[in-house]
Amino acid sequence: MGNPYTPSPQPSPIKGEGETNHMDKPKILIAEDEKTQRDLLEGFLKKEGFSVEAVANGREALQKIEKDFFDVLLIDYKMPELDGLQTLREIRRLFPDLPVVMMTAYGTVETAVASMKEGALDYLTKPIDLDELLLILQKVIERSNLIQENKVLKAQLQERYTYSNIVYGSPKMQEVMGLVARVAPSQATVLVRGESGTGKELIANAIHYASPRSGKPMVKVNCSAIPETLLESELFGHEKGAFTGAIQRRMGRFEEADGGTIFLDEIGDLSPSTQIKLLRILQEKEFQRLGSNLTFKTDVRVITATHQHLEEAMKKGLFREDLYYRLNVISIHLPPLRERKEDIPLLIEYFLKKYSKMNQKSISDISKEARMLLLRHPYPGNVRELENLIERAVVLCRGEIIATQDLPFHLQEGKSEVLWGTSRTQKNLPESLEEIEKDLIIKALHQHQGIQTRAAESLGISERVLRYKIKKYKIHYDSLS
């Protein structure tokens, strides 16, 4: 049987002035061989708002936890059949995260140490002080909830920001990710460049969460989304009365990011005065809040991004040259999607799974005709545009396979051109067929985790022919799995 102990954080029922929580009651299992003591504890805890079950020995306790979920176990140290320590060892083997509190009439230091060594979170000596029992349960439940919340957050971060979830297979993106891996452990300032929708923020996330600062904050600011008059306050904070409407002191984003990373998107939109203050932080590691003469130290790694041509902005006097060189220590250029078309089949599959799951739909594939339309589209909005197209198609799709009618009309307009190999690029028939063939090979390799025999079988060709075409088209498939 699977582990039933998959706790979700719950509020403690212990409130002030006798108030109890009647929703999501923490569930307690008592293992106590003395019936009088067992009944007393069960009755008391139920009155205090807990959900309680009680058993007479360790074997019954193990049977219970294999079938049901409990927030905390209260176990007597001395019981027949299986004593408290033996029961605790078995619980730790089966369900290592399940909180256990030991109860004993033998309140010696040795007993307590033995219990804690085996994994008990706390212990109580008999006769049980009921107020102490409530305090210990509250502490244990809060600690358990915090551990579970941290595990969930960590899992979410790993799922969202690990390299494996930046979907790519093209040589250009392999170069980018290789650079990210080398840069992440350093303290260097990074400038991420690329068109809108290429994934600049995702690269910044990957750098931070693969760096020694990953346990500290990752603070993000879109410089173009905040009015110029408010941006300095947003970044550096302000004192009460610093300007009209500043009714209280406010911490800036650089203070929030102390010890971690700050990501400044659209850095090309900074005003001259804000550029000077940012330069000071990069050079001196210090700043002043608006309206204050006090200087604050900060330890922040700066990652910036822009789709603008900063070199042209410097020539026009719109961007400081000294700031540019401070920001451009490491430059990472993200190619547009039209220059890494090998990634389109992989991204289609990724977004198809993502939005099918999100919308609770059983969509298994995309029709060949619809797939060709998606492969031929130039994507001025890059990966973000492709993601939006797939999400829209998943929502509108009435069956299990996305068809051309599920795609926007501007894509369907080019349907005949795509099917007959006469796209707007005016490629001849052999070139068009080669592109289609290459796309199908990449998709097959991705679906079969790079196993050539299976990919060749699904394509209806021999493995020898497949190897020849992989070499011919210079397909890099080793990272597709």
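What counts and what doesn't
- Residues numbered from 1 in each chain as written.
- Predicted model: local features only at pLDDT ≥ 70, side-chain atom pairs only at ≥ 80, totals over all residues.
- Heavy atoms only, no water.
- Helix = DSSP H or I, 4+ residues; strand = E, 2+ residues; numbered from the N terminus.
- Buried < 20%, exposed > 50% of the residue type's maximum accessible area, 1.4 Å probe, protein only.
- Contact = heavy atoms within 4.5 Å.
- Areas by Shrake-Rupley, 256 points an atom, 1.4 Å probe, with all protein chains shown as cover.
- Pairing = 2+ DSSP bridges.
- Axes fitted to C-alpha atoms, helices over the stretch in contact; angles between N-to-C directions.
- 1 Å grid on protein atoms, 1.4 Å probe; cavity = no way out; pocket = protein on both sides within 12 Å on 5 of 7 lines; lining within 4 Å.
- Points joined across faces, edges and corners; volume = space filled by probe spheres on them.
- Nonpolar A, V, L, I, M, F, W, Y, C, P; charged D, E, K, R; others polar.
- Expected span 1.5 Å × (residues − 1).
- Core = buried A, V, L, I, M, F, W, Y, C linked by side-chain atoms within 4.5 Å.
- Salt bridge = Lys/Arg side-chain N within 4 Å of Asp/Glu carboxyl O.
- Phe/Tyr/Trp six-rings, centres within 6.5 Å; stacked < 30°, edge-to-face > 60°.
- Lys NZ or Arg CZ within 6 Å of the ring centre and 35° of its normal.
- pLDDT = per-residue confidence, 0-100.
- Parallel < 35°, antiparallel > 145°, perpendicular 65-115°, else oblique.
- Left-handed = near helix turned anticlockwise from the far one by under 90°.
- Polar contact = N/O pair within 3.5 Å; in protein donor to acceptor, adjacent residues only side chain to side chain.

1. Concerning the overall build of the protein chain
Here is step 1 of the chain: Counting its regular elements, the protein chain contains 20 helices and 14 strands.
Here is step 2 of the chain: Within the span of the protein chain, comprising 481 residues, buried residues form 47% of the whole.
Here is step 3 of the chain: Taking the contacts inside the protein chain whose residues are at least 6 apart along the sequence as the reference set, 69% of them involve residues at least 24 apart.
Here is step 4 of the chain: For the protein chain, the exposed surface amounts to about 25,100 Å²; the carbon and sulfur share of it is 51%.

2. Considerations on the sheet that holds strand β12 (residues 330-333)
Here is step 1 of the chain: Reading across from one edge, β7-β8-β11-β6-β12 is the order of the five strands in this open sheet, with parallel pairing throughout. At either end of the open sheet lies a strand with only one pairing partner, and these are β7 (218-222) and β12. The sheet shows a mean angle of 20° between the axes of neighbouring strands, taken without regard to direction.

3. Regarding empty space enclosed by the protein
Here is step 1 of the chain: Applying the stated criterion across every chain, the model contains two cavities of 30 Å³ or more.
Here is step 2 of the chain: Looking at the largest cavity, it is lined by ten residues, and the ones nearest its centre are G169, E342, I442, I475 and H476.
Here is step 3 of the chain: Here the lining of the largest cavity is composed, by residue class, of four nonpolar, three polar and three charged.

4. Thoughts on helix α15 (residues 382-396)
Every α-helical turn comprises 3.6 residues, leaving residues that sit three or four positions apart pointing alike.
Here is step 1 of the chain: Compared with the 21 Å implied by 1.5 Å per residue over 15 residues, the 22 Å span of α15 between its first and last C-alpha is a close match.
Here is step 2 of the chain: All of the buried residues along α15 are N382, V383, E385, L386, E387, L389, I390, A393 and V394.

5. Description of helix α1 (residues 35-47)
Here is step 1 of the chain: Taking 1.5 Å of rise per residue, 13 residues should cover 18 Å, and α1 covers 18 Å from first to last C-alpha, within 8% of that figure.
Here is step 2 of the chain: Positive phi shows up at G49, right after α1, with a value of about 100°.

6. Brief notes about the nonpolar core
Here is step 1 of the chain: One finds I366, L374, L386, I390 and I402 to be the most contacted residues of the largest nonpolar core, which totals 37 residues.
Here is step 2 of the chain: Of the residues forming this core, the biggest block, seven residues, is contributed by helix α13 (residues 343-358).
Here is step 3 of the chain: For L386, the residues in contact, after removing those within four places along its chain, are L337, I344, L347, I348, F351, L374 and Y379.
Here is step 4 of the chain: Counting residues in each nonpolar core, the second largest holds 28 residues, with I262, I267, L270 and L327 among its members.

7. Things to note about the pattern of salt bridges
Here is step 1 of the chain: Under the counting rule described, the total for this entry stands at 32 salt bridges.
Here is step 2 of the chain: With its nearest N and O atoms 3.4 Å apart, the salt bridge here joins E463 to R467. In this pair, E463 and R467 are both assigned in helix α20 (residues 463-473), four residues apart and thus about one turn of the helix distant.

8. Structural notes on the environment of Y473
Here is step 1 of the chain: Mapping Y473 onto the fold places it in helix α20.
Here is step 2 of the chain: Look at Y473 and you get buried, because its relative accessible area is 10%.
Here is step 3 of the chain: In this structure the C-alpha to C-alpha distance between Y473 and I441, which are 32 residues apart in sequence, comes to 9.7 Å.
Here is step 4 of the chain: Sequence-distant contacts of Y473, defined by excluding residues within four places in its chain, comprise E434, E437, K438 and I441.

9. Details of the packing of aromatic side chains
Here is step 1 of the chain: Throughout the structure, instances matching the rule amount to five aromatic pairs.
Here is step 2 of the chain: Centroid distance F236 to F254: 5.7 Å. Interplanar angle 10°. Geometry classified as stacked. Of this pair, F236 sits in helix α8 (residues 228-236) while F254 sits in helix α9 (residues 253-256), and the two are 18 residues apart along the sequence.
Here is step 3 of the chain: Judged by its relative accessible area of 1%, F236 is buried.
Here is step 4 of the chain: Among the aromatic residues, those joined into a cluster by ring pairs are F236, F254, F287 and F296.
Here is step 5 of the chain: A cation sits over an aromatic face here: K27 above F70, 5.2 Å from the ring centre.

10. Describing the pairing of strand β6 (residues 190-193)
Here is step 1 of the chain: Residues of β6 alternate between two faces, with V190 and V192 on one and L191 and R193 on the opposite face, all of them buried.
Here is step 2 of the chain: One ladder, built from four bridges, connects β6 with strand β11 (residues 301-306); its direction is parallel. Across the sheet, R193 pairs through a bridge with T306, a residue of β11.

11. A closer look at the sheet that holds strand β1 (residues 27-31)
The strands making up a sheet are joined through hydrogen bonds of the backbone, oriented either antiparallel or parallel.
Here is step 1 of the chain: On the basis of which strands lie adjacent, the open sheet formed by five strands has the order β2-β1-β3-β4-β5 and parallel pairing. The two strands at the open ends of the sheet, each matched to only one other strand, are β2 (51-55) and β5 (122-125). Neighbouring strand axes in the sheet, compared pairwise and without regard to direction, differ in orientation by 20° on average.
Here is step 2 of the chain: In this structure, β1 lies alongside strand β3 (residues 72-76), joined through four bridges in parallel fashion.

12. Observations concerning the confidence of the model for the protein chain
Here is step 1 of the chain: Within the protein chain, residue pLDDT values average 83, and 85% of them lie at 70 or more.
Here is step 2 of the chain: Between the elements of the protein chain, mean pLDDT differs from a low of 42, seen in helix α17 (residues 415-419), to a high of 97, seen in β6.
Here is step 3 of the chain: Counting contacts from residues 1-23, a segment whose pLDDT is below 50, to residues more than four positions away or on other chains yields 52 contacts.
Here is step 4 of the chain: Contacts for the low-pLDDT stretch residues 157-162, under 50 throughout, to residues beyond four places or in other chains number ten contacts.

13. Some points on the packing of α13 against helix α14 (residues 368-376)
Here is step 1 of the chain: At their nearest, the axes of α13 and α14 sit 10 Å apart, and the two run at 125° to each other. In terms of their interaxial angle, α13 and α14 are classed as oblique. The two elements α13 and α14 cross, and the hand of that crossing is right-handed. Of the residues in α14, those touching α13 at I344, P345, I348 and E349 are R371, L374 and L375.
Here is step 2 of the chain: Class assignment of the residues belonging to the contact of α13 with α14 gives a composition of five nonpolar, no polar and two charged.

14. Section: the side chain of D343
Here is step 1 of the chain: With respect to the helices and strands, the residue D343 is situated in helix α13.
Here is step 2 of the chain: Given the relative accessible area of 0%, D343 is considered buried.
Here is step 3 of the chain: A polar contact of 2.9 Å, which involves the side chain of D343, links it to the side chain of R340.

15. Here's the deal with the environment of V329
Here is step 1 of the chain: Tracing the sequence through the fold places V329 in the loop between α12 (321-327) and β12.
Here is step 2 of the chain: Through-space distance from the C-alpha of V329 to that of A188 is 6.6 Å; in sequence the pair is 141 residues apart.
Here is step 3 of the chain: Those residues in contact with V329 that sit more than four places away from it in its chain are A188 and T189.

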